[in-house]
Amino acid sequence: MVSTNDVKSGMALDLPDGLFLIVEQQHVKPGKGRAFVRMKLKNLVTGAVVDRTFRADENVPQAIIDRRDHQFLYRDDMGYHFMNLETYAQFAIAEEDVGEAANYITDGATVMLPLYEGNPIGVELPASVALEVAMAEPAVRGDRVSGATKPVTLETGLVVQAPLFIEAGDTIKVDTRSGTYISRA
């Protein structure tokens, strides 16, 4: 248990309606009445963001989230399989729990898995990843407008807009937060 006066952004709480991460918190002391703590909480399972208000000095259950590096091994009908790099323990995560991260995970990629009570609760990617271009249409002569882009398909099936000089077989860096082209790798 932790007091609401001692909570900080980034802490995890195990509330009755789910596991939440504190996005931001604000201690409010009105001129009249008791102080309270207003928090913006992100559900770690669904990703939904909710606002909650707690009394000042109220005890809430804190969740200890252990983040460890894992290597992606393979994908099958059970989901995505990852291996802990320290203990060599393997986890299977359902496809719906991996979510959008599946567009950036390749064989042998290292990702961060947040674990709660020994069970993975999601996938955290690095800010950018290097992916190979599987298919890119050739640029048309005279199509050299400054900043012109074309759609390219990456090895994971993700389609991003890239500059005209990118060809099939090139390796490019992609921002995992926005899904945009950054540079050649």
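Conventions used here
- Residues numbered from 1 in each chain as written.
- Predicted model: local features only at pLDDT ≥ 70, side-chain atom pairs only at ≥ 80, totals over all residues.
- Heavy atoms only, no water.
- Helix = DSSP H or I, 4+ residues; strand = E, 2+ residues; numbered from the N terminus.
- Rg over C-alpha atoms; globule rule 2.2 N^0.38 Å.
- Contact = heavy atoms within 4.5 Å.
- Lys, Arg positive; Asp, Glu negative; His and termini not counted.
- Charge placed at Lys NZ, Arg CZ, Asp CG, Glu CD.
- Salt bridge = Lys/Arg side-chain N within 4 Å of Asp/Glu carboxyl O.
- Buried < 20%, exposed > 50% of the residue type's maximum accessible area, 1.4 Å probe, protein only.
- Phe/Tyr/Trp six-rings, centres within 6.5 Å; stacked < 30°, edge-to-face > 60°.
- Lys NZ or Arg CZ within 6 Å of the ring centre and 35° of its normal.
- Polar contact = N/O pair within 3.5 Å; in protein donor to acceptor, adjacent residues only side chain to side chain.

**Q** I'd love a proper account of the overall build of the chain, names of residues and values included.
**A** Tallying secondary structure elements over the chain gives one helix and 17 strands in all. Since a compact globule built from 185 residues should have a radius of gyration of about 16 Å, the 22 Å found for the chain marks it as more spread out than a globular shape. Judged by the C-alpha coordinates and their principal axes, the chain covers about 70 × 45 × 25 Å. Partitioning the intrachain contacts of the chain with sequence separation of at least 6 by distance along the chain shows that 42% fall at a separation of at least 24. Averaging the locations of the 18 positively and 26 negatively charged side chains of the chain gives two centres separated by 11 Å.

**Q** So, the pattern of salt bridges: which residues are in play, and what are the values?
**A** Pairing of side chains with opposite charge becomes possible as their charged atoms draw close. Within this structure, the stated rule accounts for seven salt bridges. The residue Asp 17 makes a salt bridge to Arg 52 at a minimum N-O spacing of 2.3 Å. Taken together, the residues span a long stretch of sequence, with Asp 17 in the loop between strand S2 (12–15) and strand S3 (18–28) and Arg 52 in strand S5 (residues 49–55) at a distance of 35 residues. Taking the relative accessible area as the measure of exposure, Asp 17 reaches 45% and is therefore partly exposed. The class of Arg 52 is partly exposed, set by a relative accessible area of 25%. Across the pair Glu 124 and Arg 67 runs a salt bridge, and its minimum N-O distance is 3.0 Å. Taken together, the positions of Glu 124 in the loop between strand S12 (119–120) and strand S13 (128–136) and Arg 67 in strand S8 (residues 65–76) put the pair 57 residues apart, joining distant regions of the chain.

**Q** Can you tell me about the environment of Gly 79, naming the residues and giving the values?
**A** With respect to the helices and strands, Gly 79 occurs in strand S9 (residues 79–84). Each C-alpha atom, one on Gly 79 and one on Asn 119, is 15 Å from the other, the two residues being 40 residues apart in sequence. In this structure, Gly 79 is in contact with Tyr 74, Ile 93, Ala 94 and Glu 95, ignoring residues within four places of it in sequence.

**Q** Pulling in residues and values, what's your account of the packing of aromatic side chains?
**A** This structure, assessed with the given rule, holds two aromatic pairs. Residues Phe 72 and Tyr 80 carry aromatic rings whose centres are separated by 5.7 Å and whose planes lie at 40° to one another, so their mutual orientation is tilted. Ring pairs connect the aromatic residues Phe 72, Tyr 80 and Phe 82, which therefore count as one cluster. Lying across the ring of Phe 20, Arg 52 places its NZ or CZ 5.9 Å from the centre.

**Q** Could you give me a rundown of the side chain of Asn 43, with the residues and numbers involved?
**A** Residue position: Asn 43 is located in strand S4 (residues 36–43). Taking the relative accessible area as the measure of exposure, Asn 43 reaches 12% and is therefore buried. Excluding residues within four positions of it along the chain, Asn 43 makes contact with Asp 17, Leu 19, Phe 20 and Ala 48.

**Q** Mind laying out the environment of Asp 51, listing which residues take part and the relevant values?
**A** Looking at the element boundaries, Asp 51 is found in strand S5. Along the primary structure Asp 51 and Val 23 are separated by 28 residues, whereas in three dimensions their C-alpha atoms are 9.9 Å apart. In this view, Asp 51 contacts Met 39 and Lys 40; residues no more than four positions away in its chain are not counted.

**Q** Which residues make up the side chain of Thr 4, and what values go with them?
**A** Among the secondary structure elements, Thr 4 is positioned in the loop between strand S1 (2–3) and S2. Given a relative accessible area of 1%, Thr 4 falls into the buried group. Among the polar contacts listed, one links the side chain of Thr 4 to the backbone oxygen of Arg 55, at a separation of 2.9 Å. Excluding residues that lie within four positions of it along the chain, Thr 4 makes contacts with Val 37, Met 39, Phe 54, Arg 55, Ala 56, Asp 57, Glu 58 and Val 60.

Spatial relationships are all this shows, so hold off on functional conclusions.
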